[in-house]
There are 2 protein chains.
Amino acid sequence: MDFIAATYRLTCPGPEVERLSHDIALEQTVEVPDALIHSPALREAVVGRVISFSPVTNSPDRSTPGEQFDVRIDYPADLAVSGLASLLNLLYGNISLKQRIRLTDFQLPDSLLGAYRGPNLGVAGLRQSLGVHGRPLLATALKPRGSTAEQLASRAREFSAGGGDLVKDDHNLVDQSFDEFCHRIELCQRGVLEGSEITGRTCLYFPNLAGPAGELERRAEFLVKLGVRGVLIAPMIVGLDHVKHLADKYPLAMMAHPTFAGAFFHDETHGIEPGLMLGTLFRLAGCDATIYPNLGGRFAFTADECRQIDRHALQPLGNLRPAWPAPAGGMSYENLGQMATDCGQDSIFLIGGALLGDSADLRSSTARFLDRIVDLFPASTSSAPVTSEVVSACELPAARSVHRLLEHLRFVAGFRWDGREPIAYKTTEELPFRNVSRTELIGSTGEQTAFDLRYFEIGPGGHSSLEKHVHTHVVIGVRGTGTLVSGEKQIQVQPFDVAYVPPLRVHQLTNTSTEPFGFFCIVDHDRDRPQQP
Amino acid sequence: MDFIAATYRLTCPGPEVERLSHDIALEQTVEVPDALIHSPALREAVVGRVISFSPVTNSPDRSTPGEQFDVRIDYPADLAVSGLASLLNLLYGNISLKQRIRLTDFQLPDSLLGAYRGPNLGVAGLRQSLGVHGRPLLATALKPRGSTAEQLASRAREFSAGGGDLVKDDHNLVDQSFDEFCHRIELCQRGVLEGSEITGRTCLYFPNLAGPAGELERRAEFLVKLGVRGVLIAPMIVGLDHVKHLADKYPLAMMAHPTFAGAFFHDETHGIEPGLMLGTLFRLAGCDATIYPNLGGRFAFTADECRQIDRHALQPLGNLRPAWPAPAGGMSYENLGQMATDCGQDSIFLIGGALLGDSADLRSSTARFLDRIVDLFPASTSSAPVTSEVVSACELPAARSVHRLLEHLRFVAGFRWDGREPIAYKTTEELPFRNVSRTELIGSTGEQTAFDLRYFEIGPGGHSSLEKHVHTHVVIGVRGTGTLVSGEKQIQVQPFDVAYVPPLRVHQLTNTSTEPFGFFCIVDHDRDRPQQP
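The structure displayed is predicted, hence computed values, not measured ones.

So what's going on with the relation of the copies chain B and chain A? Which residues, and what values?
Superposing chain B onto chain A takes a rotation of 179° plus a shift of 0.4 Å along the axis, which leaves an RMSD of 2.1 Å. The superposition operator between the copies reduces to a two-fold rotation axis. Judged by C-alpha distance, B:Ala450 is the residue of chain B that lies nearest the rotation axis, at 1.8 Å. Most of the interface of chain B is mirrored in chain A: 100% of its interface residues are interface residues there too.

Structure follows, in C-alpha cells:
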C-alpha cells in the first residue's frame, strides 16, 4: 500500500501533541471520532497514521510562539487518487479551520506523482522557446491598470525592442468582455513581435488569463490560435485544480501569480509553508513559473522563505519539469548583482516599477538592465528559438470568410450546401496532405455550439495529414468510401458509418478509390492544434 | 461613478495608519508607487480612495494584539466588473501577502450586484422543494469515507425513512472515476427515494460535486439528468468563481463546505471575516447554503462568529435570495433547544456523528431528532413539494444501457448501427411527443467529446415535443423528409440538409409524410433540460 507522507508543525503544550496528532489523522480522513470506527479494514485502508512526532529546536532568530513539534502523518495514497483537489483537501482541508497547525512538507508516492504532467515547458522548454541559455530571464509587467490597450502595446514593443525576454500583464488587468480581451491581446502581441523584428531575438508576451470562470477556456483557445505561448494566472483565485485542467488542455506555459494566497503564509504557526504552496503545489498544477514577493520589496517574505520557494520550484519532483522561480519587487539596477548571487541563473527577474521608473525611454532602460545581467553571467548564450507545428488541412484558415450564420443550409447537387463554399488547398509535394477540401458548416460563424461541423472531401488518391491531438474526431461517412487509419486500426468508412478517434490517437484519412470520399467531421469547438505523430 | 466600499481593520502604530491605508489603495488598484502615476485621469478612474480611518475600541473579551484602526477605502466599481474573481482580487489579492490587514466588510453598488444571480433556490426555494415550513431542516452526512456505495445508500435510505430532510455526502468522499461516481450516486439517490416512499415526504440527496476540474461539468450534467436537486461543493478548493459558473449553468442548489478556507479566519488581525467569506462571498457565488463549524464542535469559531455568518447568509443583499446557514458539529439531542434559540427557524442543522452514534437504528434516531425539532417549532408545517418539468423524448433516459464505446459504428440495413439499439417510447395520449425513437451514437458511452451525436427517427404522423432550451440543436437530414418548426420558421429538412436551432428558440420536429423521417441531431454534451415553451 502506498502512502502520502505529510509533515505538520504543531504549536501546543507537550502533553497534547499525541492527541492532537491523532485528531488530525482522523479529521482529514474519516471525519468521525475514533469510537465510531467499527471496521478494522476501514481503519487499515482509510485512517491516517501518526508515524512520529519530535520537538522542534527553534533557531534563535525566530520568535518562538510556544512549544513546537514536527508530526509526520501517513495517509493512504488512494485518498488523493482523484486529483489535485482531493490532495489539497486531504493535506489541509478541514484542519485549516483549526489553530496552530502548519503544513511544512509532504511527499507523494510515485503511483500518484505519475498522474501529474506538471509544467508544459518548464525551465528547459522556455529557454528553448526563447533561445536564451545560462542566465536569468529579464521580465516586466504591463502597468498600470487604467492605461489604454495602445499604451500597453507600446510598452510591450519598447521592452521587446530593448531585448527583454518576457513581458506579462499586470495580474489585476482584466478585460470586461471577450472582445476587449481579444483586442488588447492582439495589440500587445503585435507590439512584442514588432520589437522582436528589431532585435532579431524572441520576446514572449504572457497575457493575464482571467475573467469569468466559464469563459477562461474560450480565452485560452483564442490565445493558442493567436500564437501566444504562455499566460499569467492566479491559482488561488482561479482554483488550483482548474489551473491544472487548463495547463493539461492547452499548450500554454503558466506563470503563477501568488495573489490571494497570503493568508496561508503570514502566521508561521498555521497555514502552509510558502515553498510548498508556491513551489510544489503550483508545479503539480502545471505552473511553469512561480512569482513571489522578493526580499526587500513591499511584502513580508524572509530570505529563508525566498530560497525555500526557489528550491521547491527547481528540485526533483517525479518526472515533472522544474519551474522557474520568479522573484518580483525589491529589484533595482544596483542590486542585480546581489540577485544574481542569491537566485542563480534559473530564475526570472520580474522587474516592474524599477524598470518603468528608470528613465523615460523603456527601450534603453531594458537594454541597460539586460546588459548588466549578461555581464553577470558571462557564459550565457543566445540561439535561434525552436518551434515545430504540423500543417494540417483540417485547421488551416480559409483565405477569406464570406460566410454568416444560417439556420438552414440546403444540400445541393455536387455535395455542396447553399451559403457555404468549400475551402480547397493547392497541393504541393511538400505538404503532408493531398487533394482535400473542407466546408465549414456549423461553429465558425457564431453558432452557440460546443462543437464544429465540417464536411471534408478527399479526392481519389488523396489523404489528410498524419497527426494526433487531444481533441477527438467523430466521422460520419457521406459519399463514397475511404479508410480511416487510427493507430493500429484500419476502418473502412461507408456512408452513414460513424467512427470515433480517441484523444492523442495518431490518425489519417485516405482515399484509395476512384471516386470522391466525403464525410462529416465533428470536433470540439475549443480544441488543441494538431501535433506530429 | 459607482464605488465598492471596503473596510479593513489594520493593526499598526497610530502614526502609520494613514500611510498604510494609502499603500493598500495603490497596491490593490494600480500596483505602482504614487510617484509613477502621472495622469490625473488615471488617478481619478482607477486608484482606490482612502475615505476614513478610525481607532477601534476593542471589547474587553478580545485579546487586543495592538492598536487597531478601521479604514474605509472606496474602489471604482469598474475594477470588479469582470466578475467574482476580479472582485476577490480587488478586495484581498496582493494585500493577503502583507501582514495585519483584515477585510471586515464591503458593500457593492447596485450596478455590480445586479450582475450576480445568487442562490438558485435559497431559503424559500429549498423549502418549496421539500414542502417544509417554519422550522430548521434536519440534515446529515454520509459517513465515513471508506464505506461501500451500498453501505452509504443504506444510510441514506434509513435517514430518509426516518423523516430527515436532507442528506449530503461527506466533503472528502470523492470518487476516482466518472463511472464510480455515477454508480454511487445512483444507489444513494435511489436510497433516498425509497425512504421517501415510506414517509410520503421528500428527502433530498446532495452528492459531493468533486473530482478533476475538467470533469465537474460532466458530473453536474449527470446529476441534473438523474433528478438530483443540489450538491455539496467546496468553494475554496474548486475556486469561488468556478462555483458561480456551475451555479449559473446548472439547476442545482449549492451547499458550500468551508474546507481549506480556515487560513483566512484563524488570525483576527489578518485574513477575512468568516461571515463575509462564508456568508456574503459564497452567496455571490450562488451558494444556497453555507456550512460552518458550530460553537462547541471540533473547531474554533466563537458564538459571535457563528451569528455573524448567520446574519450574512440571511440579510438583504441586492436581489439575491437568502442562503441557509448550516451549523455543523457540536450538536446533540440535548442541545437542540439551545440551537433552536441561537439559530432560529431558517437554518440547517447538520448533524453527523451525534446522529450516527445515537443508536444502532438510524431511522429511529432520525425520527427522534426530527420530533424534537418539530416540538421546538410548533407552528411548523409540511406540504406537498412543488416541481415542474417537461417530458422530452430527446432526453428521457434509456430503460437500460448495454452500450459501450466503439470506434466504428457500422451502418446497417433499416437505418441502424451495429452495437447501438434504438430507444423507442410507448406513445400515449398524455405524452407531448409521438412516434419517436432515438439512437445514442456518440457521447453517452465515455467518448471524450464536448458534444453528443444521436440519430432520431420520427414515424409518419409523429412529432417531438414542443420545447426550448439554452443549448442548441444541429440537425442533419438522413432519411425521408420532415419539418423543423423553429420559432416562426418552417424548415423542410431533406437528406444532408443542415439546420441550426439557436438558444431558447421554441422548436418541434414533425413528420407529415407517409415515410419515416430520420435525422442526426448533434447537441452539446453538457446541456440544460428542456423547458416549456
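Which residues make up the interface of chain B and chain A, and what values go with them?
Facing 105 residues of chain B, the contacting portion of chain A comprises 105 residues. Across the chain B to chain A interface the summed buried area is about 9000 Å²; carbon plus sulfur atoms make up 63%. Counting the surface chain B buries against chain A, the share from its top three residues, B:Phe260, B:Glu407 and B:Phe496, is 10%. Note that B:Lys489 is salt-bridged to A:Glu407, the shortest N-O span being 3.5 Å. For the pair chain B and chain A, the interface holds 47 residue pairs in polar contact (both at pLDDT 80 or more).

For the packing of helix H7 (residues 178–199) of chain B against helix H8 (residues 216–226) of chain B, give the residues involved together with the corresponding values.
Residues and elements named next belong to chain B. The contact between H7 and H8 brings their axes to 11 Å, and the two run at 25°. Between H7 and H8, the angle falls in the class roughly parallel. As for how H7 packs across H8, the hand of that crossing is right-handed. Here H7 contributes Phe178, Phe181, Cys182, Ile185, Glu186 and Gln189 to the contact with H8, which in turn contributes Arg218, Arg219, Phe222, Leu223 and Leu226. Residues that form the contact of H7 with H8 fall into these classes: seven nonpolar, one polar and three charged.

Give a description of the side chain of A:Asn120 that names residues and reports values.
Residue and element names in this part refer to chain A. As for its placement among the helices and strands, Asn120 is situated in the loop between helix H4 (110–113) and helix H5 (122–130). Judged by its relative accessible area of 14%, Asn120 is buried. A distance of 2.9 Å separates the side chain of Asn120 from the backbone oxygen of Leu252, its partner in a polar contact. Those residues in contact with Asn120, other than ones at most four positions away along the chain, are Ala247, Tyr250, Leu252, Gly286, Asp288 and Arg321.

Quick rundown of helix H3 (residues 84–92) of chain A? Include the residues and the values.
Most of H3(A) sits inside the fold, with nine of its nine residues counted as buried. Among the residues making up H3(A), those that are buried are A:Leu84, A:Ala85, A:Ser86, A:Leu87, A:Leu88, A:Asn89, A:Leu90, A:Leu91 and A:Tyr92.

Analysis parameters
- Residues numbered from 1 in each chain as written.
- Chains lettered and ligands numbered in written order.
- Predicted model: local features only at pLDDT ≥ 70, side-chain atom pairs only at ≥ 80, totals over all residues.
- Heavy atoms only, no water.
- Least-squares fit on C-alpha atoms with pLDDT ≥ 70 in both.
- Contact = heavy atoms within 4.5 Å.
- Buried area = accessible area lost by both parts, 1.4 Å probe.
- Salt bridge = Lys/Arg side-chain N within 4 Å of Asp/Glu carboxyl O.
- Polar contact = N/O pair within 3.5 Å; in protein donor to acceptor, adjacent residues only side chain to side chain.
- Axes fitted to C-alpha atoms, helices over the stretch in contact; angles between N-to-C directions.
- Helix = DSSP H or I, 4+ residues; strand = E, 2+ residues; numbered from the N terminus.
- Parallel < 35°, antiparallel > 145°, perpendicular 65-115°, else oblique.
- Left-handed = near helix turned anticlockwise from the far one by under 90°.
- Nonpolar A, V, L, I, M, F, W, Y, C, P; charged D, E, K, R; others polar.
- Buried < 20%, exposed > 50% of the residue type's maximum accessible area, 1.4 Å probe, protein only.

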